[in-house]
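# Architecture and fold: a report
Each chain, written out:
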Number of protein chains: 2
Amino acid sequence: MAITVVGSVAFDTIETPAGRRERCLGGAATYFSLAASYFTDVRVIAVVGEDFGRRQEAVFQERKIDTRGIEHMAGKSFFWEGSYLENLNEAKTHITDLNVFAAFEPKIPDVYRDSEFLFLANIDPILQRRVREAMPDVKLVAGDTMNYWIKDHRPALLEILKELDILLINDTETKMIAGNNNLVQAARAVMALGPKELVVKHGEYGATLFGEEAKTFRAPAIPLEEVVDPTGAGDSFAGGFFGYLASQPEQSPAAYRRAMFYGSVMGSFACERFGTERLQKLTREEIDERFNLFRELTHLA
Amino acid sequence: MAITVVGSVAFDTIETPAGRRERCLGGAATYFSLAASYFTDVRVIAVVGEDFGRRQEAVFQERKIDTRGIEHMAGKSFFWEGSYLENLNEAKTHITDLNVFAAFEPKIPDVYRDSEFLFLANIDPILQRRVREAMPDVKLVAGDTMNYWIKDHRPALLEILKELDILLINDTETKMIAGNNNLVQAARAVMALGPKELVVKHGEYGATLFGEEAKTFRAPAIPLEEVVDPTGAGDSFAGGFFGYLASQPEQSPAAYRRAMFYGSVMGSFACERFGTERLQKLTREEIDERFNLFRELTHLA
């Protein structure tokens, strides 16, 4: 079943201990879409500038991602520059140029309206809510957010949290929303604000699912020999997780558990090359091979 | 099969968000012994002062731990005072009084010499080596260390690493020994120094086993509702891990994997009360119940 995702499509300049890349294709909606595209149909809502051309468009098209919801505006696309020189787990942001993204008004193509799954990537919670309200018939809504919205846009954030079936955030964001340093207590407090399921991403240590549908569940991350570039790993986790869920006839507790593993799998692939490079050219066989490696990595005989 | 453990038996004054306790019974050998005692016979080598009396002795005796190797000296026992007020994952040390521990010369009772398993808890690597050499017939030797020995006693540490079958340390210690910030690369570098198996403890995120005998394996930690006191969690992990291994007829890859889970189980119990309180009064049923919860927590259908 199709997923519509709304979020950023951007250019990223990234420096890591493995090197530097100028203006890679990036953005949460990009990573999410590519990861989810291995499981189900994906439709993107975003805004780009004149620097987004055929080469970038082709990245989506090769994965059969519907780009009719990507609006083209005069000006430049969202640009981010960051580095991970000291700590691969945390980006140091050098430049954030919103550019055309500052005036983003999500427009939903009519052909997207039968999507049963909606993913609200990390954007202004007011826009997340607007998209959610414009698609009242979706079956399952998941979303992400970040410290900026948690700190300075709390009222709007609280409104959209009420509308979410699933929230995917990291440890720090969970504790920040709840104002509680114990993860289990914080998770419960966040879920009391709306989301029925909460996925807390722990970076290199995997992720924990707290929820109604599934009992608490932890998926490991694979210890990676070389982390080339962690940019987009969280969005790729979300894409693998939600993409797999959407591909299932039923969103059962067992499906949620497998989705957690697929999320971890896609997050680990994302780190292996700069930008979206690795996510563009996977096969479902490679994905399932790693899924089995993961299962093996953590299962008792 | 019996384990001999050499390490500290101490008094700890601990402050956490849950409260403060004065002079709890503590020390790496204490936590290790209590945790391991649920799986196999344990024999302790340590030194204590005149403040270690019948009440402390009784804690070991109730768990049938052999204390004939605990030497009593004039003076006070090792004393540590620390707090976890800002970060439950990292103790802030306020006082370390070595007291009688400064003159510790491990003496191995003859009745300990048929032990097939030896655990060298975190003490001076020169003493670790002396004990290891005095027990040449043990079947499996595991050990721990800490940043202090890694930074300032490297030559002695390198000597004992050559003698270890299993090293149990945390992420930071692994990266520090290797001088490499990538965990997988660092793990490989540490294993090249001697240990055939390396268990890297990730605190609240579980632990990873790198090794020859077992393929890389990750055991989760349980997300805890309330962490009362994390003191000794790592030593309790080691006790559960090595205690379980020692209880098995064969140290097969499957046994190593289950041992990782039992390590995580005992580490999680340790955090639930101040000091050794929780570890003193467990039952094997409670332990296996949590083991099954862990398995459930991370297993796919």
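This report concerns the structure included in the present document. (Residues numbered from 1 in each chain as written. Chains lettered and ligands numbered in written order. Predicted model: local features only at pLDDT ≥ 70, side-chain atom pairs only at ≥ 80, totals over all residues. Heavy atoms only, no water.)

## Things to note about the overall build of chain A
Counted only if it meets this: Numbering of helices and strands runs from the N terminus, with a helix taken as a DSSP run of H or I at least four residues long and a strand as a DSSP run of E at least two residues long. The reference for a compact globule is 2.2 Å times residues^0.38; the radius of gyration itself is calculated from the C-alpha atoms. Relative accessible area decides the class of each residue, using a 1.4 Å probe on protein chains only: under 20% of the type maximum gives buried, over 50% gives exposed, and in between gives partly exposed. By definition in these notes, contact holds between two residues if any of their heavy atoms fall within 4.5 Å. Throughout, the Shrake-Rupley method with a 1.4 Å probe supplies accessible areas, and for residues the shown protein chains are the sole cover considered. For the purpose of charge, His is not counted, nor are the chain termini; Lys and Arg are scored as positive and Asp and Glu as negative. Taken as the charge centre is NZ of Lys, CZ of Arg, CG of Asp or CD of Glu, depending on the residue.
Within chain A, the regular secondary structure consists of eleven helices and 13 strands. Relative to a compact globule of 301 residues, whose C-alpha radius of gyration would be 19 Å, chain A shows 18 Å and is just as compact. The principal-axis extents of the C-alpha atoms in chain A amount to approximately 55 × 40 × 35 Å. The burial tally for chain A puts 60% of its 301 residues in the buried class. Considering only contacts within chain A whose residues lie at least 6 apart along the sequence, 64% involve residues at least 24 apart. Per element, the accessible surface of chain A, about 12000 Å² overall, is 47% carbon and sulfur. Taking the average location of the 34 positive side-chain charges in chain A and that of its 44 negative ones, the two points are 2 Å from each other.

## Digging into the sheet that holds strand 2 (residues 10-16) of chain B
Residue and element names in this part refer to chain B. Note the cut-off: By this definition, two strands are paired if DSSP reports at least two bridges between them. Axes, fitted as lines to C-alpha atoms, cover a helix only where it is in contact. Angles between the N-to-C directions of the axes lie from 0 to 180 degrees.
The sheet built from four strands is open, its strands ordered 3-2-6-7 with mixed pairing. Each edge of the sheet is formed by a strand with only one pairing partner; in this case those strands are strand 3 (19-26) and strand 7 (92-97). Recorded for the sheet is a direction-independent mean angle of 15 degrees between the axes of neighbouring strands. Pairing of strand 6 (residues 78-83) with strand 7 involves five bridges; the strand directions are antiparallel. Paired with Ser-83 across the bridge in strand 7 is Lys-92.

## Some details on the relation of the copies chain A and chain B
Stated precisely, the cut-off is as follows: Superposing the copies works by least squares over the C-alpha atoms of residues that have pLDDT at least 70 in both of them.
It takes a turn of 180 degrees to lay chain A on chain B, together with a shift of 0.0 Å along the axis; the resulting RMSD is 0.0 Å. Such a combination of turn and shift is consistent with a two-fold rotation axis. The overlap is high: 100% of the interface residues of chain A also sit at the interface in chain B, so the same surface is used on both sides.

## What about the state of the cysteines?
Residues and elements named next belong to chain B. What counts, and what does not: The disulfide criterion used throughout: a pair of cysteine sulfur atoms within 2.5 Å.
In total, this model carries zero disulfides over all chains according to the counting rule given. Summary of cysteine pairing: Cys-24 is not part of a disulfide, and the nearest cysteine sulfur, belonging to Cys-271, is at 14 Å. According to the relative accessible area criterion, Cys-271 is buried, its value standing at 9%.

## Some remarks on the pattern of salt bridges
Side chains carrying opposite charge are able to pair once their charged atoms draw close together. Cut-off, in case you're wondering: Think of a salt bridge as a Lys or Arg side-chain nitrogen and an Asp or Glu carboxyl oxygen that are within 4 Å of each other.
Counted under the stated rule, the structure contains 42 salt bridges over all chains. The shortest N-O distance in the salt bridge between B:Glu133 and B:Arg129 comes to 3.4 Å. Highlighted residues: B:Glu133 and B:Arg129, both in helix 3 (residues 125-134), separated by four residues, approximately one helical turn. B:Glu133 gets classed as partly exposed once you look at its relative accessible area, which sits at 49%. For B:Glu286, the salt bridge identified is with B:Arg278, shortest N-O distance 3.4 Å. In this structure B:Glu286 comes out as partly exposed when scored by relative accessible area, which is 26%. In this structure, a network of salt bridges that share partners links the residues A:Glu15, A:Arg20, A:Glu22 and A:Glu81.

## Observations concerning empty space enclosed by the protein
Applied cut-off: Of the grid points, spaced at 1 Å and generated over the protein atoms alone, those admitting a 1.4 Å probe that cannot get out make up cavities, while open sets with protein on both sides within 12 Å along at least five of seven lines make up pockets; any residue with an atom within 4 Å of a point is treated as lining. Grid points are joined across faces, edges and corners, and a volume is the space filled by probe spheres set on the points. Note on residue classes: Ala, Val, Leu, Ile, Met, Phe, Trp, Tyr, Cys and Pro are nonpolar, Asp, Glu, Lys and Arg are charged, and everything else, Gly too, is polar.
As enumerated under the stated definition, the model contains one cavity of 30 Å³ or more in all. The calculated volume of the largest cavity comes to roughly 50 Å³. A:Tyr205, A:Arg218, A:Ala219, A:Pro220, A:Thr298, B:Tyr205, B:Arg218, B:Ala219, B:Pro220 and B:Thr298 together form the lining of the largest cavity. Secondary-structure elements contributing two or more residues to the lining of the largest cavity are strand 13 (217-219) of chain A together with strand 13 (217-219) of chain B. Split by residue class, the lining of the largest cavity holds six nonpolar, two polar and two charged.

## Points about the packing of aromatic side chains
Let me state the cut-off plainly: Aromatic contacts are taken between Phe, Tyr and Trp rings whose centres are within 6.5 Å, Trp giving its six-membered ring; a plane angle under 30 degrees counts as stacked, one over 60 as edge-to-face, and the others as tilted. Placement of a charge over a ring requires the Lys NZ or Arg CZ to be within 6 Å of the ring centre, with the centre-to-atom vector within 35 degrees of the ring normal.
The final tally for this structure, using the stated rule, is 33 aromatic pairs over all chains. Pairing B:Phe39 with B:Tyr244 gives two aromatic rings, centres 6.2 Å apart and planes at 90 degrees, and the pair type is edge-to-face. With a gap of 205 residues between them, B:Phe39 in the loop between helix 1 (28-36) and strand 4 (42-48) and B:Tyr244 in helix 8 (residues 233-247) connect regions that are remote in the sequence. Taken individually, B:Phe39 and B:Tyr244 each receive the classification buried, so the pair is uniform in this respect. Taken together, a centroid distance of 5.3 Å and an interplanar angle of 25 degrees make the contact between B:Phe101 and B:Phe104 stacked. Among the aromatic residues, ring-to-ring pairing joins A:Phe39, A:Phe217, A:Tyr244, A:Phe261, A:Tyr262, A:Phe291 and A:Phe294 into one connected group. Above the face of the A:Tyr38 ring, A:Arg63 is positioned so that its terminal group lies 3.6 Å from the ring centre. Positioned above the aromatic ring of B:Phe269, the side-chain terminus of B:Arg290 is 4.0 Å from the ring centre.

## Overview of the interface of chain A and chain B
Our working rule: Summed over both partners, buried area is the accessible surface (1.4 Å probe) that two parts give up on being assembled.
Contacts between chain A and chain B engage 34 residues on the former and 34 residues on the latter. A combined buried area of about 3100 Å² lies between chain A and chain B, and 50% of that area is made up of carbon and sulfur atoms. Looking at the side of chain A facing chain B, the largest losses of area belong to A:Tyr205, A:Arg218 and A:Leu300, adding up to 27% of the total buried there. In this structure, A:Arg257 and B:Glu296 form a salt bridge, with 3.7 Å as the shortest nitrogen-oxygen distance.

## Observations concerning the sheet that holds strand 2 (residues 10-16) of chain A
Residues and elements named next belong to chain A. Within the open sheet, the four strands sit side by side as 3-2-6-7. Their pairing is mixed. Strand pairing shows two members of the sheet lacking a second neighbour, strand 3 (19-26) and strand 7 (92-97), which therefore form its edges. Taken pair by pair, the neighbouring strands of this sheet meet at an average axis angle of 15 degrees, ignoring direction. Where strand 2 lies against strand 3, six bridges are found, and the strand directions are antiparallel. Bridging across to strand 3, Ala-10 finds its partner in Gly-26. On the sheet, helix 1 (residues 28-36) packs against strand 2 and strand 3 and is oriented at approximately 80 degrees with respect to strand 3.

## A closer look at the environment of B:Lys139
Residue and element names in this part refer to chain B. Rules: Side-chain atoms alone can form a polar contact between residues adjacent in sequence; in general such a contact is a pair of N or O atoms within 3.5 Å, and within protein one must be able to donate a hydrogen while the other accepts it.
You can see Lys-139 is positioned in the loop between helix 3 and strand 9 (140-143). Judged by relative accessible area, which is 41%, Lys-139 ranks as partly exposed. C-alpha separation for the pair Lys-139 and Asp-165, spaced 26 residues apart in sequence, amounts to 9.3 Å. Excluding anything up to four places from it in sequence, Lys-139 contacts Met-1, Glu-116, Asp-165, Pro-249 and Gln-251. Engagement of the side chain of Lys-139 in a polar contact is seen with the side chain of Gln-251, the distance being 3.1 Å.

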